[in-house]
Amino acid sequence: MEKQEVQSRVKKVVSRVLKMDESEIADEANFIFDLGADSMQSLELVAGFEEEFDIEMDQDKALEIQSIDGAVEFIEVYL
Amino acid sequence: MTSRFELHQENLKKIFNPESVAIVGATKLKGTVPYDIVENILKSDFNGAVYPVSPREKHIASVKAYKYVIDIEDPVDLAIIVFPSAVAHMALEQCGQKGIKSVIIISAGYREIGEKGIEREAQIKEIAEKYDISFIGPNCLGVINTDPSVNLDASFARQMPDPGNIGFLSQSGALCTAVLDYARAKHIGFSKFISFGNKADISEIDLMFYLMKDEQTKVILLYLEEVSDGKALMNAAREVIAQSGKPILIIKSGRTSEGASAAASHTGSLAGSDEICDAAFEQAGILRCDNIEEMFNKAMAFAYQPPPRSNRVAIITNAGGPGVLTTDAAVKEGLEIARFSEETTKLLKRHLPSTANIKNPVDVIGDARADRYNAALTAITNDDAVDGIFVILTPQSMTNIDAIAEEIVKVAKETDKPIYTSFMGEADVASGIDILLRNKIPHYILPESMCKAFESDFRFHHKIKGHRFKPVKVEDVDKEAAAKVLEGALQSGRQVLEEDEAEIILGAYGLPVLKGGLAKSAEEAIEVAKRIGFPVAMKIMSDDIIHKFDTGGVILDVENEEAVGIKYQEILDNVKEKAPEAQIRGIWVTEMAHKGEEVILGIKRDAAFGPVIMFGLGGIFVEIFKDVKFRVAPLGETGAREMIESIKGHKLLAGARGKNPADTDSLVDCIYRLSQLAVDFPEIKELDVNPIIVYDEGNGCAVVDAKIMF
């Protein structure tokens, strides 16, 4: 899968979980600091990524992902 | 260049007196820390601008919110970061970019969670240094300033306390909330209330100095879980007390004895970290408290009442038993029961019934009402022989409790003498106690607590406040000679110096060591013995033998040359049998010490306070009763003498039971010199001089055995 496609699908998940317009989500945006995700939403994001890409991620490591860029990089390893 | 300390003092001004506050990481979710802090600031009627900063919200609690702190158009004096620790550094970075110098980091998830948290703490410290930011926290409850011109509750406590004269600092945030609740029930007010959490940047020392200059603060209370730099804390306390005359009361939790059992020396095993902490606080003039109740009992005395001129107290009671209890407690605390003047006696006789006791403690009798309390109080407060008044009340059927409380308040307003109260009971006296506490009259459930509080007040104002610390610097020491022995031992990889080498070091520092020499053969032993004179003592020297007596390695009172030769071989045979693997360096032949009083001196190095000196009586006093005293080196003039005078067995040295007084001046000199040695050689971890024999006044003392560990 192309990096750009991974990024686009990550943004789609983030947009759905955080109820934001995709256009408001910058590539380097931090889920908490820039997008205001709370701890529950962070868990929802991990679940959302797993569902979107049909993968099973290491929960602890996945929760350390803080940004769109970081998520893309992390998910690419599983694909 | 401005030091971090100076920077903190400057930046603390805006932590406590900001004109604008940003809450960075605020949310709209009620019942969460980020929301409650916004709400508390708004509720506290803060006299400044409030800016919630939230990535997603447009407004929080009806106040416009900003996406980033850098988006705020106006200057911001104080930022309170409530973001999770994973991103708090990003918020701090933006604070730096915005030019905010004063920050409180509430977020947890730092040093207290382990390695990851330690890294995060280092990261925020680095950012703070880059931008000259000072921050309180992380992992804290926040800060409260009750000054009516500020009114800032930048915390997630349930309620803002009343204004008052007590400055409270706490390493534990949770304890803060309990203290606030406790204090509210007793109408205890605070000037500043600070939870400093992990103290990664601003420490309790910085805050103590800030409170030293704070006009609203009369007494400083501190709850501490760890002492990071004991020496700095001691120096700070001394300076704060000397410059401001404000008392410092500390609860230091974690009274454990772990570690002491593993120590190799006597001094090491006797000096638990808590005993050292006790000693250090006492030296620095800090009043250490065991619990919150004791702390506030004493704080009320300092904050509410004028200091006593001396320790003569008068007791007024409406019941005999409590009067006796109070008298006992007062005497136990070293207070004097005042003797009334003739004028006072006459007045008491005139105003009290014939059945009343008009001598101290004054019993106004069970049926006393407010007028009788007033008459007794007025007469006694005007007596020059009285420095403080204890008013006791027990609730009897005719006792008009509230009216008596009102009378006490009235008299207290007209006198410059401290009045303390104890309305004994609970339900019936509650309204009276409430009147007293609302009017800043210290009240105590138990007369014993009342007497302890008065004693602390008296001791602080008359024995601690005016005392100036002057360490003694001993000049006539041969530091090079001592260093040479230590270096030699270090190079050979040994960690223990025995008597022969220890005595060279102690001798170089002017301690009275006995004449002696190391013999590696019977012939050498005889030569040494002849040189120093008979009788002599002979001791095995081996790094592998800790208990020389148990292995037959010590023989005393060897009378002549022939005996020295025989005993030399006897010692070697004994040791060969009991410790066949031991490496023998030789036999130390030394003059025999005359009989005298055996005492023990020692050095231990504490992680927080540095070198510590120990003194105690030898033999069973140290083994069983652990009658020893510690002091952090260097020692001041009074410190060394106090060590000797404060042990329980001191009377033995002062000349009890027909004995001549011991040469304590010589002991004081030894303590100074040992203190100097401890300061000069940080590589000495532990040292025992056990025993040192002290002779009658004017005859000095003698070091009999010593061991140094490094």
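Residues numbered from 1 in each chain as written. Chains lettered and ligands numbered in written order. Predicted model: local features only at pLDDT ≥ 70, side-chain atom pairs only at ≥ 80, totals over all residues. Heavy atoms only, no water.

Further remarks concern the pairing of strand β22 (residues 536–541) of chain B. The side chains of a regular strand alternate between the sheet's two faces. Residues and elements named next belong to chain B. Burial runs high along β22: six of the six residues are buried. On β22, burial covers both faces: Val 536, Met 538 and Ile 540 on one face and Ala 537, Lys 539 and Met 541 on the other are all buried. With six bridges joining them, β22 and strand β24 (residues 586–591) adopt antiparallel strand pairing. When the sheet's bridge partners are listed, Ile 540 is paired in β24 with Ile 587. As paired strands, β22 and strand β23 (residues 554–558) are joined by three bridges and run antiparallel to one another. Following the sheet pairing, Lys 539 is matched in β23 by Val 554. (Buried < 20%, exposed > 50% of the residue type's maximum accessible area, 1.4 Å probe, protein only. Helix = DSSP H or I, 4+ residues; strand = E, 2+ residues; numbered from the N terminus. Pairing = 2+ DSSP bridges.)

Bringing the sheet that holds β23 of chain B into the picture now. All names here are of chain B. What the four strands build is an open sheet, ordered β21-β24-β22-β23; its pairing is antiparallel. The open sheet terminates on both sides in strands that have one partner only, identified here as β21 (516–519) and β23. Averaged over all pairs of adjacent strands, the angle between strand axes in this sheet comes to 20 degrees, irrespective of strand direction. When β21 meets β24, the two strands line up antiparallel, connected through four bridges. (Axes fitted to C-alpha atoms, helices over the stretch in contact; angles between N-to-C directions.)

The extent of an interface is frequently quoted as the accessible surface area lost upon association of the parts. Partitioning chain B into domains gives domain 1 (4–253), domain 2 (304–464), domain 3 (479–591) and domain 4 (597–709). The centre of domain 2 of chain B, based on its C-alpha atoms, is set 65 Å off from the matching centre of domain 3 of chain B. (Domains from an automatic or database assignment.)

With that out of the way, let us pick up the interface of chain A and chain B. Contacts between chain A and chain B engage eleven residues on the former and eleven residues on the latter. Summed over both partners, the interface of chain A with chain B buries about 970 Å², with 60% contributed by carbon and sulfur atoms. Counting every contact that joins chain A to chain B gives zero salt bridges. Summed over the shared surface of chain A and chain B, the result is five residue pairs in polar contact (both at pLDDT 80 or more). (Contact = heavy atoms within 4.5 Å. Buried area = accessible area lost by both parts, 1.4 Å probe. Salt bridge = Lys/Arg side-chain N within 4 Å of Asp/Glu carboxyl O. Polar contact = N/O pair within 3.5 Å; in protein donor to acceptor, adjacent residues only side chain to side chain.)

Okay, the pairing of strand β18 (residues 388–393) of chain B next. Residues and elements named next belong to chain B. The buried fraction of β18 amounts to six of the six residues, a majority that puts the element mostly inside the structure. Neither face of β18 is left uncovered, since the one carrying Gly 388, Phe 390 and Ile 392 and the one carrying Ile 389, Val 391 and Leu 393 both have all their residues buried. Here four bridges tie strand β15 (residues 312–317) to β18, and the two strands are oriented parallel to one another. Of the residues in β18, the one forming a bridge with Ile 316 is Val 391. Where β18 and strand β19 (residues 419–423) come together, five bridges link them in parallel fashion. The residue of β19 that forms the bridge with Ile 392 is Ser 422.

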